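# Per-entry structural report
Okay, here's what each chain looks like letter by letter:
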Amino acid sequence: LARSTLRMSSLALLDDISFFGPTPPAEVKKAVSVLSKTTPETFQKTLVLVVNYLHGSEIDSDLFTKEYAETELDRSSAIALFTGIYSLFRLAIRKRVKPSKFKHDLAELRFPASMIDEITETFKSCQHELEEAATDSVIRFPTVEDIKWRVDINISSSSTALSLRPSVLMRMKLTNNTTQQFEMNIFRFHQLRYYVAKTLKDMQDIEQLAILKID
Amino acid sequence: MSEDNGPAILPNTSKFKAAIQLMNEVEESKFPLLLNRIIKKLHSKKEQPFSEEEKEQLVDVLGLNLSQLNSILDSCAFIFEQAAYYTLHPNRLARQLHEAELNETQCIAFQKVWKAEGNNFISELKEQSLVPKVMDTVKYQLHLQMAQSNLSRLKEPTALFEQEEI
């Protein structure tokens, strides 16, 4: 009973605190104040720019000036708006917030109601892709890309006229462009096989572990 | 049981015959110890059965000079290697040695040592491989990634394997 109440209160805590923290970040507050005098078209343009930037496209200062040239915003307001929206999105992607919580927290920030839906839609559409891109670029040790194997039986050699010894030859291609080719005897092969099977089983068991349910 | 001993395994050269005569003169009590040491170290290509200092000691103990000692050590090693190649039974080995005019006591010493250590030696030889990389041990770690710099609340299991080569 004690453990379940503790878990319920920590979950409640997760829901209570907004995804941007206990207080809104300064750049977001500034962006909200700029929003009151922004036209819907400019807002739409800003959203598109932010999403492209998050996807990795470069925006230098000339491009920025060009994009905002025909809008009603002066340079410092445009900068404030772009930075605030970008900051908001980056925090939301990092915390992996659900769109519903995103919408709820936007209301706390005093976003104009008309724009909240538009932002949430944009967020929903790009969230999955950006999370995938983040996991793709994570630091990792080289992984196995390809495995080729063969089984041999050593019939005889210069030291023994009759030795029927089986062995496994393996060629592993790794993601760092190296190729490892090596042999193992049957005992070592069984050990490797057992360890791989064991880690796969442990991975499956981990996913069932209730204490790790954070989604 | 037929008397046919199969192909002659030991050569009929004068050098080998001279070595046999030298072996015949080694003291009975010392010969088995010599053989034991030789067969135990024979499978490793890097280690010699006797180091240089030990060879000096043997030269004094057995009353031979260095070249005679080397001849004896090499011939014993050769006899064991041939026995391993043909997977000889200890009795057959003894008979082959007898035909090569080795003394009875020395033949029995060979037979005893071969009976005790022969199978081990043959299996060590079988394990030898010409392949440059042979995998020795595997170690593994199972990790669960919980977060990274641009993403939190993750649950990604990863396995790390470390393979060592002999």
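This is a predicted model, so every value here is computed, not measured.

Another aspect to go through is the packing of helix H3 (residues 40-55) of chain A against helix H7 (residues 113-136) of chain A. Residue and element names in this part refer to chain A. Between H3 and H7, whose axes approach to 11 Å, the crossing angle comes to 15°. In terms of orientation, H3 and H7 fall into the roughly parallel class. Classified by chirality, the crossing of H7 by H3 is right-handed. Where H3 abuts H7, its residues Phe43, Gln44, Leu47, Val51, Leu54 and His55 lie against Met115, Glu118, Ile119, Thr122, Cys126, Glu129 and Leu130. Here the contact of H3 with H7 is composed, by residue class, of 8 nonpolar, 3 polar and 2 charged.

With 42 residues of chain A at the interface, the matching set in chain B holds 35 residues. The contact between chain A and chain B buries some 3,600 Å² in all, and 61% of this surface belongs to carbon and sulfur atoms. Counting across the chain A and chain B interface gives 1 salt bridge. Across the pair A:Arg188 and B:Asp136 runs a salt bridge whose closest N-O atoms are separated by 3.6 Å.

The next thing to look at is the packing of helix H3 (residues 52-62) of chain B against helix H4 (residues 66-85) of chain B. Residue and element names in this part refer to chain B. One way to put it is that H3 packs onto H4 with a least axis distance of 10 Å and a crossing angle of 100°. Judged on the interaxial angle alone, H4 and H3 are roughly perpendicular. In this structure, H3 uses Lys55, Leu58, Val59 and Leu62 to contact H4, whose residues at the interface are Leu66, Leu69, Asn70 and Leu73. Partitioning the contact of H3 with H4 into residue classes produces 6 nonpolar, 1 polar and 1 charged.

If you trace the backbone, A:Thr199 turns up in helix H8 (residues 186-208). Discounting chain neighbours no more than four positions away, the residues touching A:Thr199 are B:Tyr140, B:Leu142, B:Ala159 and B:Phe161.

Here we take up the domain arrangement of chain A. Per the domain assignment, the segments of chain A are domain 1 (1-137) and domain 2 (144-208). The straight-line distance from the C-alpha centre of domain 1 of chain A to that of domain 2 of chain A is 49 Å.

Right, let's get into the sheet that holds strand E3 (residues 179-185) of chain A. Residues and elements named next belong to chain A. Pairing within the open sheet is antiparallel, and its 3 strands lie in the order E1-E2-E3. Because the sheet does not close on itself, it has two edges, and the strands there are strand E1 (144-154) and E3. Across the sheet, the mean angle separating the axes of adjacent strands is 20° when strand polarity is ignored. The sheet contact formed by strand E2 (residues 165-174) and E3 spans 7 bridges and is antiparallel. Residue pairing for E3: Arg171 is matched across the bridge by Gln181. Those strands touched by H8 are E2 and E3, and its axis lies near 115° from that of E3.

The subject of this paragraph is helix H6 (residues 99-108) of chain A. Residues three or four positions apart in an α-helix share a direction because the helix packs 3.6 residues into each turn. Residues and elements named next belong to chain A. Along H6, the residues that are buried comprise Lys101, Phe102, Asp105 and Leu106. The buried residues of H6 occupy an angular sector of 140° when projected down its axis, which confines them to one face. Among the exposed residues of H6, those oriented more than 90 degrees off its buried face are Ser100 and His104. Where H6 ends, the next residue or the one after it, Arg110, has phi of about 65°, a positive value.

Conventions adopted
Residues numbered from 1 in each chain as written. Chains lettered and ligands numbered in written order. Predicted model: local features only at pLDDT ≥ 70, side-chain atom pairs only at ≥ 80, totals over all residues. Heavy atoms only, no water. Axes fitted to C-alpha atoms, helices over the stretch in contact; angles between N-to-C directions. Helix = DSSP H or I, 4+ residues; strand = E, 2+ residues; numbered from the N terminus. Parallel < 35°, antiparallel > 145°, perpendicular 65-115°, else oblique. Left-handed = near helix turned anticlockwise from the far one by under 90°. Contact = heavy atoms within 4.5 Å. Nonpolar A, V, L, I, M, F, W, Y, C, P; charged D, E, K, R; others polar. Buried area = accessible area lost by both parts, 1.4 Å probe. Salt bridge = Lys/Arg side-chain N within 4 Å of Asp/Glu carboxyl O. Domains from an automatic or database assignment. Pairing = 2+ DSSP bridges. Buried < 20%, exposed > 50% of the residue type's maximum accessible area, 1.4 Å probe, protein only. Arc of directions from axis to C-beta.

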